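Inside the fold
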Amino acid sequence: DTGVSQNPRHKITKRGQNVTFRCDPISEHNRLYWYRQTLGQGPEFLTYFQNEAQLEKSRLLSDRFSAERPKGSFSTLEIQRTEQGDSAMYLCASIHKAQAETQYFGPGTRLLVL
Amino acid sequence: EDQVTQSPEALRLQEGESSSLNCSYTVSGLRGLFWYRQDPGKGPEFLFTLYSAGEEKEKERLKATLTKKESFLHITAPKPEDSATYLCAVQRGSNYKLTFGKGTLLTVNP
């Protein structure tokens, strides 16, 4: 595995439904980050994990959002009761435990809420 | 609060026409300044990290420089395949999270 992978790549849902995205980081990358990007904007930080511990959450992350990283491997981001304003690209990034600093991004999951 | 402003928002060049993109930042205790390239519908692709004023890094037709208040991404003799959105981001603190600008959309015409 040479890169961060995310699934699904695209998701269309109806308002009020729940959705879950998955991110698989690069092997031996102990830090994992979630960002949200809307059209014409740069990515905005949502939350991050060091191993299995969720260490910081942005105020952008309302109580409808929850993220997990069981066993410090893959991570999931769930959005409950989706709203049209949740439509965005959700990006995952990871950092190698020894190289630090540089975040490598996955291809993203594009969410459209109808 | 950290702030990153990129200019111009969009830039159209002819193939071979060199130019520069600007990234102005306000951050307390900069750990690093990052440049990424993003193609439509894809995740950002890492280009450079700059750590201190005066530092420069090069990769093919791209050269990134850093001062205490801004960074420049110089593109020399661009080709159509250089067309993309270029994102600048700053990092501080031990959490390593990134604060991004809105990006510059670069179009290089053949």
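These numbers come from a predicted model, not from an experiment. Residue indices begin from 1 for each chain and proceed along its sequence in written order. To label them, take the chains in the order written and letter them from A, then take the ligands in the order written and number them from 1. Owing to the predicted nature of the model, reporting of local features is limited to residues with pLDDT of at least 70; listing and counting of side-chain atom pairs is limited to 80 or more, with chain, interface and lining totals taken over all residues. The side-chain figures draw on all heavy atoms in the structure; neither hydrogens nor water molecules are used.

Some remarks on the environment of A:Ser87
All names here are of chain A. In plain terms, the rule: Helix and strand assignments come from DSSP, with helices taken as H or I runs of at least 4 residues and strands as E runs of at least 2, each series counted from the N terminus. Any pair of residues with heavy atoms lying within 4.5 Å of one another is described as a contacting pair. Definition of a polar contact: a pair of N or O atoms within 3.5 Å, with one able to donate and the other able to accept a hydrogen when the atoms are protein atoms, and with sequence-neighbouring residues admitted only if both atoms are side-chain atoms.
Within the element layout of this structure, Ser-87 appears in the loop between strand S8 (75-79) and strand S9 (88-96). Remark: the alpha-carbon pair of Ser-87 and Phe-21, spanning 66 residues in sequence, is separated by 13 Å. Leave out the neighbours within four places in its chain, and Ser-87 touches Thr-38, Leu-111, Leu-112 and Val-113. Within polar-contact distance, the side chain of Ser-87 engages the backbone nitrogen of Val-113 at 2.9 Å.

Quick look at the pattern of salt bridges
Two side chains of opposite charge can pair, provided their charged atoms sit close to one another. Note the following rule: We count a salt bridge whenever a side-chain nitrogen from Lys or Arg sits within 4 Å of a carboxyl oxygen from Asp or Glu. Note on exposure labels: buried denotes an accessible area under 20% of the residue type's maximum, exposed denotes more than 50%, and partly exposed covers the range between, all computed with a 1.4 Å probe on protein chains only.
One pass over the structure, following the stated rule, counts ten salt bridges over all chains. In this structure, B:Lys97 engages A:Glu56 in a salt bridge whose closest nitrogen and oxygen atoms are separated by 2.8 Å. In this pair, B:Lys97 sits in the loop between strand S9 (84-92) and strand S10 (98-100) while A:Glu56 sits in strand S6 (residues 53-57), so the two residues belong to two different chains. According to the relative accessible area criterion, A:Glu56 is partly exposed, its value standing at 23%. Across the salt bridge formed by B:Glu1 and A:Arg59, the nearest N and O atoms sit 4.0 Å from each other. Here B:Glu1, found in the segment before strand S1 (3-7), pairs with A:Arg59, found in the loop between S6 and strand S7 (65-68), and the two come from separate chains. Put simply, A:Arg64, A:Glu83 and A:Asp86 are held in one network by salt bridges that share partners.

Some thoughts on the nonpolar core
Going by this rule: Nonpolar core, defined: a set of buried Ala, Val, Leu, Ile, Met, Phe, Trp, Tyr and Cys residues in which side-chain atoms within 4.5 Å join the residues together.
Grouped together as the largest cluster of nonpolar side chains are 23 residues, with contacts concentrated most on B:Leu33, B:Trp35, B:Leu73 and B:Tyr86. Counting only elements with at least two residues in this core, the list comes to strand S2 (10-14), strand S3 (19-26), strand S4 (30-38), strand S5 (45-50), strand S7 (62-66), strand S8 (70-75), S9 and strand S11 (104-109) of chain B. Tallying contributions element by element places S9(B) first for this core, with four residues. Not counting residues within four places of it along the chain, the set of residues in contact with B:Leu73 comprises B:Ser19, B:Ser20, B:Leu21, B:Trp35, B:Phe48, B:Leu62, B:Lys63, B:Ala64 and B:Tyr86. Among the nonpolar cores identified, the runner-up in size contains 19 residues, and A:Ile26, A:Leu46, A:Cys92 and A:Val113 belong to it.

Brief notes about the interface of chain A and chain B
Our working definition: Buried area: the accessible surface (1.4 Å probe) lost by two parts on joining, summed over both. Each residue receives one of three labels: charged for Asp, Glu, Lys and Arg, nonpolar for Ala, Val, Leu, Ile, Met, Phe, Trp, Tyr, Cys and Pro, and polar for the others, Gly being one of them.
With 24 residues of chain A at the interface, the matching set in chain B holds 22 residues. Between chain A and chain B, the buried area comes to about 1700 Å², and carbon and sulfur atoms account for 51% of it. On the chain A side of the contact with chain B, A:Pro43, A:Glu101 and A:Phe105 bury the most area, a combined 29% of that side's loss. Connecting chain A to chain B are two salt bridges. Where chain A packs against chain B, one counts nine residue pairs in polar contact (both at pLDDT 80 or more). Counting only elements with at least two residues in the side of chain A that touches chain B, the list comes to strand S4 (29-37), strand S5 (44-50), S9 and strand S10 (104-105) of chain A. Broken down by class, the residue content of the side of chain A that touches chain B amounts to twelve nonpolar, seven polar and five charged.

Brief notes about the sheet that holds S7(A)
All names here are of chain A. Selection rule: A pair of strands is labelled paired if DSSP reports no fewer than 2 bridges between them. For helices, the fitted line uses only the C-alpha atoms of the stretch in contact; every axis is such a line through C-alpha atoms, and the angle between N-to-C directions lies from 0 to 180 degrees.
Strand order in the open sheet formed by four strands is S1-S3-S8-S7, with antiparallel pairing between adjacent strands. With one partner strand each, in any of the chains shown, strand S1 (5-7) and S7 form the two edges of the open sheet. On average, adjacent strands in this sheet sit at an angle of 15° to one another, irrespective of strand direction. When S1 meets strand S3 (residues 19-24), the two strands line up antiparallel, connected through three bridges.

Details of the packing of aromatic side chains
Spelled out, the test is: Stacked, edge-to-face and tilted labels apply to pairs of Phe, Tyr and Trp rings (six-membered ring for Trp) whose centres lie within 6.5 Å, assigned for plane angles under 30 degrees, over 60, and everything in between, in that order. The criterion for a charge sitting over a ring is simple: Lys NZ or Arg CZ within 6 Å of the ring centre, and within 35 degrees of the ring normal.
Under the counting rule described, the total for this entry stands at 14 aromatic pairs over all chains. A centroid spacing of 5.4 Å and a plane angle of 40° characterise the contact between A:Phe21 and A:Tyr90, whose relative ring orientation is tilted. Of the two residues, A:Phe21 is situated in strand S3 and A:Tyr90 in strand S9; the sequence distance between them amounts to 69 residues. A residue is classified by how much of its surface remains accessible, and A:Tyr90, at 0% relative accessible area, is buried. With 6.5 Å between their ring centres and 20° between their planes, B:Phe34 and B:Tyr36 make a pair best called stacked. Residue class for B:Phe34 comes out buried when judged on its relative accessible area of 0%. We classify B:Tyr36 as buried; its relative accessible area is 0%. Site record: aromatic cluster; members linked through ring pairs are A:Tyr33, A:Tyr35, A:Phe45, A:Tyr48, A:Tyr104, A:Phe105, B:Phe34, B:Tyr36, B:Phe46 and B:Phe100. A cation sits over an aromatic face here: A:Arg22 above A:Phe74, 3.9 Å from the ring centre.

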